Amino acid sequence: APPVAMGAGFGAGLGLALASSAFIGGSFVLKKKGLLRLCGRARAGQGGHAYLREWLWWAGLLCMGVGEAANFAAYAFAPATLVTPLGALSVLVSAILSSIFLNEQLNVHGKIGCILSILGSTVMVIHAPQEEEVSSLESMAEKLKDPGFIVFAVCVLVSSLLLIFVAGPRYGQSNVLVYVLVCSAIGSLSVSCVKGLGIALKELFSGKPVLKEPLAWVLLVCLVICISIQINYLNKALDIFNTSVVTPIYYVLFTTAVMTCSAILFKEWQHMVLDNIIGSISGFLTIVSGIFLLHAFRDMPFSPNLLPLFLQPGRAQPHPPWSSADRHQSCQHQPLLPSEDKGSQSAEEEEEEEE
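Residues numbered from 1 in each chain as written. Predicted model: local features only at pLDDT ≥ 70, side-chain atom pairs only at ≥ 80, totals over all residues. Heavy atoms only, no water.

An unreviewed UniProt entry annotates the protein chain as NIPA2 protein of Sylvia atricapilla. Under the Sequence similarities (unreviewed entry) heading, UniProt states for the protein chain: "Belongs to the NIPA family." We quote the UniProt Subcellular location (unreviewed entry) comment for the protein chain here in full: "Membrane". (UniProt positions renumbered as here; feature names shortened; annotations may be inferred.)

1. So, the overall build of the protein chain
Across its full length, the protein chain holds 13 helices and two strands. A buried classification covers 39% of the 355 residues belonging to the protein chain. For the protein chain, the computed accessible surface area is about 20100 Å², with 66% contributed by carbon and sulfur atoms. (Helix = DSSP H or I, 4+ residues; strand = E, 2+ residues; numbered from the N terminus. Buried < 20%, exposed > 50% of the residue type's maximum accessible area, 1.4 Å probe, protein only. Areas by Shrake-Rupley, 256 points an atom, 1.4 Å probe, with all protein chains shown as cover.)

2. Let's talk about the packing of aromatic side chains
Under the definition given, this model contains three aromatic pairs. For the ring pair Tyr 250 and Phe 254, a centre distance of 5.5 Å and an interplane angle of 20 degrees mean the geometry is stacked. With Tyr 250 and Phe 254 both in helix H10 (residues 243-265) and four residues apart, the pair spans about one turn of that helix. Residue classification places Tyr 250 among the buried residues on the basis of a relative accessible area of 17%. Their ring planes at 40 degrees and their centres at 6.4 Å tell us that Tyr 251 and Phe 284 sit as a pair that is tilted. One end of the pair, Tyr 251, is in helix H10; the other, Phe 284, is in helix H11 (residues 274-296), with 33 residues separating them in the sequence. (Phe/Tyr/Trp six-rings, centres within 6.5 Å; stacked < 30°, edge-to-face > 60°.)

Next up, the structure:
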């Protein structure tokens, strides 16, 4: 089937993806603000549920729901290659709002990471595929029968089972990649299900009898199973390892798996020219670098002493100006080594003479 030009649909998908990141990023701050207002009551970390009486926590939960709904709808209009990487902007929004409203420190590494994430997202939007290969459930069914996708899905399922039942009991407690790989591999299939359900909802609103299509129900069941597995093993990874380690690794592996699945299933890269492919990959790697800086060095203090000498505020000049007597001396008479090194130099010369 020939590709369908998206036009306004691409803009709608892009807008929904950006709105999703804004709502999800803001929801973390609102829920955190609500939890901080408990003031001595039983905290959530201690098994209490007093946060259920805080309207800020409910506002954060509502924002989370709106953001997830917008993200779900974005897959119906824009390619998964674009929507999934833009999810990193929710981390950026959360970091910026936390520094403003929660007084959390955003160090130099975090600020550089935010800038890199914005630049990478801009590059990905410019070079993203502008054509949609799947516009109906019929075409979705044809894509699912493609031998390339069947081989990919079988590989994902087999590798996930091996990671869960073989590698998990042995290395799950010591290697962060085991459970994160399970989440990422299964996540690539869940995004494909979301994409198909988004198309089904779009057809439902247009008046087509989608509820009678068995594919829509199969996609819904598969989505529930995939999301349940993702949540289970992501929680295991977060419980064992530091969040600053799990989050960037999960983002990189999950987005890579989704882009690979989209390239195989939806053929989103088939009609892209070489410079757009290079631009999309470069934008993705730029976002990865930004997310890494934002998370990996989040708790690392950055003091002015780490700057070069000429950038340190109030620092005296490393070399004092020459005195009037020194100005008349030739440069040939200046010592080649600093004064503190003269003693070691003379000792080395004496040793050489004795030899």
